[in-house]
Amino acid sequence: FHNWWIRKIIYETYITQLTFGIINEKKYLGMINARIENESKQKLREYLFDLENTKVAIERCRSESMTPHIDTFFQVDFVGSTDQDLKLAVSMIPKHIDNEPFYEKINNLLNTTSFRVEEIEDYIETILTYKPMPVNFLYLFLAKYQECVDANASIIFILKVAKNFTNDELAYFDPIINQMIAEGLLYEMITFTMKTLQLTQEEFIRFLGLFLKNVDPMLQANVAIMIAKSNTSHTEAFLQPLFWPTFNEELLSLAASYTQLSIDEIKIIQPGKCFHLPSKMNTIRIFLKEEKIPKEEKEYYIYLIGNVWENGCEKFKNILISKVNAMTDKFDEGVSQEVLLAFSKINGLTISEVIDAISIILDLEMIKTNEFITKYAFMDFLGSLDPTKSLLKSLKSFKSVVFMKKFPEKPFDELQTEFLVQQFPLPMGELEDMMETYTQITTYFNEREFYNLTEKDIPAEVEKVKQIKGIPVVPTLALIRQCVYLERGYFPYNTQMLVVLGLLKSNNGRIAQVKTGQGKSIIVAILATYYAIFGRQIDIVTTSKSLANRDAHEMKSFFKMFGITVDSCSIRSNFATRFKSQIVYGTPFDFEWAALQDEYSFKKVRHTRPYDIVIVDEVDSMFIDKLSSATQLIYNDDKFHQIAWVYEFLIKLIKDEPDLSRDEVKKKIFESPNYKGSSKFIKSFIDNMAEGLAKSIILSKSYKEGVNYVVKEKKVMPVDYRHTGEVKSNSSYSGGLHQILEIRHGIFPSLDSLLGSFISHVNFFKRYKFIYGLSGTVGSQTEREELKNYYNIETFDVPLHIKSAPTYLEPQFCENLQDWYGQIVKDVEIEAKKGRPVLVLFENIRDTRGLMKYINNPNAEVLNGTQPKPEEEIVAAAGKPGKITVATNLAGRGTDIRTWDEAEANGGTHVIISFFPLNDRVQAQAEGRTARQGKQGTVRLILNKQDYKSIPSTMTDNLSMIQFLDEKRIEEEKERSKERVDKESKLARVFDNMVIRICEVFKKIHDNEESYVLKGVQGTWTAWFTECERYLKDKQSSCTTPELDSIIEEKKLEFNELVMQLQTDVANGNAIKDPHLWLKKALNHKANKRDEKAIECCKKAFDCDEYFSQAYLVLGQIYEKKGDHPNAQYHYKYTVQMAEYKISLNRLNLLEYAVLATAQHELGFVDASKDTMAKAQQIVHDYMSIKDYNVLIELADDMRILYLERMAIIFLTDAIKLDSKNKKAFYVRGKCYKDIQEFAMAKRDFEHALMLDPDYQDAYEFLGWNYYREGIFHYNKEEYARSIICLLEAYKIHHDNEDVIFKLADAYEEYKNFEIAERFYLKSYALNVDRFRFTTAKFYNSWSCHYSNLNQYKLALNYVEKALANSRNGDDESVLGVFHANRGLYLHQLGRFSEALPEYNIAIQYTDEQKYKNRVEKALKNQFL
């Protein structure tokens, strides 16, 4: 018992109990057991906690004053209570650094004694000299200093003191003090003043080096960013202290060990500039370990990396290494080293630009290497690179020169003939007009000498074009043509310009078939620019996020020449601001998601942006294959926790009785004990879900792993095997099918979802006035007629600028699976031995795995969406000589396989298609993987005859069988087209119309009712709409068109009845029918200390579900807080009963385990509570084989909502241990930490989630809300400088959020920085006039008082008049009275007495205060005098 901390805990326990008047020895033991290590427990029981000793201690505390008792108990030297005693105590601090009672005594003295600011400064200076520094005592005095002066003053004072310290003395500063000071420095940089600290540049740099060295790396990064943004003349000097010598040495040593160079040699390579950022370390380490790269190349790489500044370059490491490897293998010895050496001399080069630059060089592969190096003088070009100009622009210019020489323009008459002989040509008259217009463009271009224009000349020329009436085609396109040259280094091909003219010829849009490799991205940019110059807004839709982000980034400088803004909505951070640009790139799901956010969730994302012009790439995929595809808002519903038992029940049922019909399955569900034991609310929910569940369990029997779906990392992922081969890692099946498949594979079932809102592709694109589309494979006559039917737009084909066509080898048919695999292997081996790359395409993942068992070749790799290697790395190597790539359709559309020179000399890429594609477009895409851009290549079909049993047995000729399948495919495609027209598009239109109508209803509720009413109505809607959608899609496949039409009409009537019922429920106050929603409302009331309303909401929850244990738990917590212990105990006991009963019905309901454990803990059954949580974790671990973490995350999020954050953190930490790369686990844990105000931990988790996925919008937004909450936390503690720092970080993320902006203005006002405060007040006022008008007025009044205190009455008068200008009749009269009184006072002080009198009288009318009457008398007297 010599440890003071043990005595402190015992003392705290006694005093706590005495304070509450409770004498309970068992409870003492419980508290101590929870806080003291196990080995101390027995001694504590023996010596301190027998009944007699306890009674003696209590009596002493009651009878004697507490202070001497504490001093005696802790054996501490007595300290007096005067300022002289405090001075003595400060001198004693070094002897009592770890003495907690001594610390408490000084704390009491500081709180009970009055001091001058100068005295506290003396104490702080003294404490700063102690070694080691007593940080805990220093904080006491700093806190007191802040109370006396200002929240930021303590940091300023420390810096002023520190100016007199040597570097050695400053080394003793504690890291936490460093952190405080660093934040102060950061604040100074935010304001860009450097005035408050009164530091010279040299002192500032010294402090950066000393105080930032040991603090949080994120703070270092923030400081670096702020300095870099300040654009001062001393930026480089300011940044230098951030690059630590220890780090440099570590990387230098690493580089030396791998390159066999000395450290001195490496320093000579890039003196003083190597290895500045920690983010480069892993990239360098991995690169240097790569065995294939020679030592000399590593040397050049180190040279190159020294000039690269790019945070987050970690994510590029694999791509960079694969690109460098490809370049090393491809070119002659020494070329790749010269490339990297040339790159290293370019200023400001980034890792991603290096990757793009190497990709451009690899694009030149169609030219023989020797020809590329010699004929086109590539080495001379490298030597002439200008380090001040864009490397990418220079390379693109070189590439264009090479291509123009290799593939020169065609004469006009030849080009016109080629347009006319296309399968689907433009009309002759239109083509002649286009040729004439293009001739006028080239003539205008030459006459106006546009070829002499530079980038600086473009803005003036744009203004001239705008002055011409209408949209002048000739001058506009002539100007754009020159800008393409300035950006890319070459003029657009004649075919590209004619495509643009062909698209513009239509009244409402048009689709062009432009084969791959013909420059579609430039066509899109020219067309978008043509409209954007004249103020139109254009949406450009691509097939993938990566393409959208890439094109928006690459074309930014091109659009900038015209003053046109561009962005990508595939980046979800600052989502709403993306739509403010004139041109926006994105996927259809991104654009549709924005529309749903506006129309269903009322979030103002797309907001006022019109549906004007859309340009769609790969239009066949979106307009035909995915016609009925839709973007959906889905909701994981808590009710699915309570019916998780049904999935296991169904799997066992179908195993025992495999031939049950749907109706029989439903009957079995309703007869089950679990169903009968459920509450009425849950029974009703199961009744709605039963049809879908019955369908799903029967359908699951036909679903095959490796065909319909894959299991990867203990997660079921659907596969689009018929079209793209894409593994949809973020999608799931509905109706319980996904959960059934999960249990089949031993995965804990995830939460199913309900469908809230819906926009189909077909009806979304119809919103636009003009629709333009491009695709390499528009399709046959049938599909083109379909497009005409949906969108009323025509199509035309474009001839190739660079001709290419593969050689088609005779197809082969095999009798069975084994022969099929054998024949494919044989064909692969023959071609690979020739030194040709081979691509084998399969319909599904299962077949790719099957073939890999037969191939015994180290050069074979699989690309099917489940492979461990990155797709980019496999594709980059797929064109090597002898390389074998076994793939699904994932490699069949858009994959750019670059054949290497040696492989091209051996005949180019050989493609084997092992299935007969669904349509000719899919086949054309597959064949297009070879013979690209004038190269060689061959294609062969090798089919398993067993897969095509419709082929007549009498047919034996391979070509005849292919012809038979082709004719059959044409007929099937016509049937599919009819199905899409008659059924799919019709259903999509029905769903879209329902959603539009219901959103109108929701909008009225949103505008007139509280949010919970809207959520209640939406909950009823989602349950109905989910089943409606499933039901109609089910009938689509089983009914004729007239039958489906009849069913649709029935559902429309049902929908109308639902809408009427919802409106009636809202009017009668019965809109909320879900106990979970009542619970959330109760929790909201509880958090805002409205206990009676919270209790009422809990009772409403019981009305919905009599077994709702969570509401009983919350009631217990409320009564406990109110001090009503009997009622609290009653509800906790009832919680235990309900939770145990529900667990008996459904052992997989993990949320009930958490509720049960919490109630047990509140009742004092600590061991039972721990056992319950252990059981829950064991169920999860056993069921998931310790792999599937998603259920833990979902459970933890539910627990967080119930204010069980710390318990949720335990589960989330478990989830992170199972998979440290799960972004959602970090995200949800961050939310938990935010809720309990552990902001630093929350920030760490949100940033970790964003590191795993930079586009994780939810994590990005909550990082902003975390900063916001931290800012409010510091604001409430009157730490305004820290509050501003946090709120500015929040503002970066939520810069259009009125709450963030207003609180930032408020903090700046308290910090007395009125100029900046005004900016933010006006911004909040602009966002919401009604809410912030009067607040802005009050701010102006405060500002006027500030100037009044400085005796600057003219300025004070100016601002109080602004306050009155922002006031209205009906505002708070007492505040209005103050405004008028202040105006009177300032006029009075300025001697304008006659004007002051009316103001005083108005103030009296509003407030009737005596002081204003006195001012009237004084003003009258002064006026008389």
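Residues numbered from 1 in each chain as written. Predicted model: local features only at pLDDT ≥ 70, side-chain atom pairs only at ≥ 80, totals over all residues. Heavy atoms only, no water.

Quick notes on the environment of lysine 105
When you line up the elements, lysine 105 lands in helix H7 (residues 100–112). Residue lysine 105 is classed as buried on the basis of its relative accessible area of 16%. Residues lysine 105 and leucine 86, 19 residues apart in the sequence, show an inter-C-alpha distance of 9.7 Å. (Helix = DSSP H or I, 4+ residues; strand = E, 2+ residues; numbered from the N terminus. Buried < 20%, exposed > 50% of the residue type's maximum accessible area, 1.4 Å probe, protein only.)

Observations regarding the sheet that holds strand E7 (residues 709–711)
Strand order across the open sheet formed by three strands is E7-E8-E9, with antiparallel pairing between neighbours. Sheet topology places E7 and strand E9 (726–727) at the edges, where each strand pairs with a single neighbour. Relative to E9, strand E8 (residues 716–720) is paired through two bridges, and the arrangement is antiparallel. Pairing of aspartate 720 across the sheet is with glutamate 726, part of E9. (Pairing = 2+ DSSP bridges.)

Here we look at the sheet that holds strand E3 (residues 566–568)
Backbone-to-backbone hydrogen bonds join strands into a sheet, with any given pair of strands oriented parallel or antiparallel. Strand order in this open sheet of seven strands is E3-E4-E2-E5-E11-E1-E12, and the pairing throughout is parallel. The sheet is open, and its two edges are formed by E3 and strand E12 (794–797), each paired on a single side. Between one strand axis and the next, the sheet turns by 15° as a mean value, whatever way the strands run. Two elements, strand E2 (residues 538–541) and strand E4 (residues 583–586), share four bridges in a ladder whose sense is parallel. Counterpart to isoleucine 540 in the pairing with E4 is tyrosine 585. Strand contacts of helix H35 (residues 588–599): E2 and E4, with the helix running at about 115° to E4, the strand carrying the most contacts. Where helix H43 (residues 781–791) meets the sheet, its contacts fall on strand E1 (509–513), strand E11 (770–775) and E12, and the angle it forms with E12 comes to roughly 145°. (Axes fitted to C-alpha atoms, helices over the stretch in contact; angles between N-to-C directions. Contact = heavy atoms within 4.5 Å.)

Concerning the pattern of salt bridges
Scanning the entire structure with this criterion turns up 56 salt bridges. For the salt bridge of lysine 666 with glutamate 691, the shortest nitrogen-to-oxygen distance reads 2.7 Å. One end of the pair, lysine 666, is in helix H38 (residues 662–671); the other, glutamate 691, is in helix H40 (residues 680–699), and 25 residues separate them in sequence. The salt bridge partner of glutamate 979 is lysine 983, with a shortest N-O separation of 3.8 Å. With a gap of four residues between them, glutamate 979 and lysine 983 both fall in helix H49 (residues 958–1008), about one helical turn apart. Note on glutamate 979: relative accessible area 27%, which makes it partly exposed. For lysine 983, a relative accessible area of 8% translates into the label buried. Salt bridges sharing partners connect three or more residues here, namely Arg662, Asp663, Lys666, Glu691, Lys695 and Asp1034. (Salt bridge = Lys/Arg side-chain N within 4 Å of Asp/Glu carboxyl O.)

Considering a nonpolar patch on the surface
On the surface, a nonpolar cluster with roughly 260 Å² of combined accessible area is contributed by Leu420, Val421 and Met428. Checked against the element boundaries, methionine 428 lands in helix H27 (residues 428–447). (Patch = residues over 30% accessible without salt bridge, like charges linked within 9 Å, V, L, I, M, F, W, Y side chains within 5 Å. Areas by Shrake-Rupley, 256 points an atom, 1.4 Å probe, with all protein chains shown as cover.)

As for the packing of aromatic side chains
Describing an aromatic ring pair means giving the distance of the ring centres and the angle of the ring planes. Considering all chains together, one arrives at 44 aromatic pairs under this definition. Pairing tyrosine 485 with phenylalanine 491 gives two aromatic rings, centres 4.7 Å apart and planes at 20°, and the pair type is stacked. Three or more aromatic residues link up through ring pairs in this structure, and these residues are Tyr444, Phe445, Phe450, Tyr451, Tyr485 and Phe491. Directly above the aromatic system of tyrosine 675 lies the positively charged group of lysine 683, at a separation of 5.9 Å from the ring centroid. Sitting above the plane of the tyrosine 1275 ring, lysine 1303 keeps its charged end 4.1 Å from the centroid. (Phe/Tyr/Trp six-rings, centres within 6.5 Å; stacked < 30°, edge-to-face > 60°. Lys NZ or Arg CZ within 6 Å of the ring centre and 35° of its normal.)

A closer look at the nonpolar core
Soluble, globular proteins show a tendency: their nonpolar side chains are buried together. Ranked by size, the top nonpolar core spans 113 residues in total, and within it Met1199, Tyr1308, Phe1320 and Phe1379 carry the most contacts. At eight residues, helix H56 (residues 1150–1162) tops the list of elements feeding residues into this core. Not counting residues up to four positions away in its chain, the partners in contact with phenylalanine 1320 are Leu1288, Tyr1291, Ile1301, Leu1304, Ala1305 and Tyr1308. Core analysis: the second largest hydrophobic core is formed by 64 residues, Val541, Leu755, Phe1002 and Phe1025 among them. (Core = buried A, V, L, I, M, F, W, Y, C linked by side-chain atoms within 4.5 Å.)

Some thoughts on the packing of H40 against helix H50 (residues 1011–1038)
Put simply, H40 and H50 touch, their axes get as near as 10 Å, and they point 40° apart. Taken together, the axes of H40 and H50 are oblique relative to one another. Crossing geometry of H40 relative to H50 is assigned as left-handed. For the pair H40 and H50, the contacting residues are Asn688, Met689, Glu691, Gly692 and Lys695 in the first and Glu1027, Arg1030 and Asp1034 in the second. (Parallel < 35°, antiparallel > 145°, perpendicular 65-115°, else oblique. Left-handed = near helix turned anticlockwise from the far one by under 90°.)

Some thoughts on the environment of proline 411
Along the polypeptide, proline 411 turns up in the loop between helix H25 (391–406) and helix H26 (412–420). On the basis of relative accessibility, which here comes to 45%, the residue proline 411 falls in the partly exposed class. For the pair proline 411 and asparagine 494, spaced 83 residues apart in the sequence, the C-alpha separation amounts to 9.4 Å.

Focus: the confidence of the model for the protein chain
A residue-level look at the protein chain finds 74% of positions with pLDDT of 70 or above and a mean pLDDT of 77. The spread of mean pLDDT over the elements of the protein chain runs between helix H5 (residues 66–74), the lowest at 36, and E2, the highest at 96. A low-confidence stretch, residues 228–252 (pLDDT under 50), is modelled with 48 contacts involving residues beyond four sequence positions or located in other chains. Ignoring residues within four places in sequence, the model shows residues 257–261, a span with pLDDT below 50, making 14 contacts including any to other chains. (pLDDT = per-residue confidence, 0-100.)

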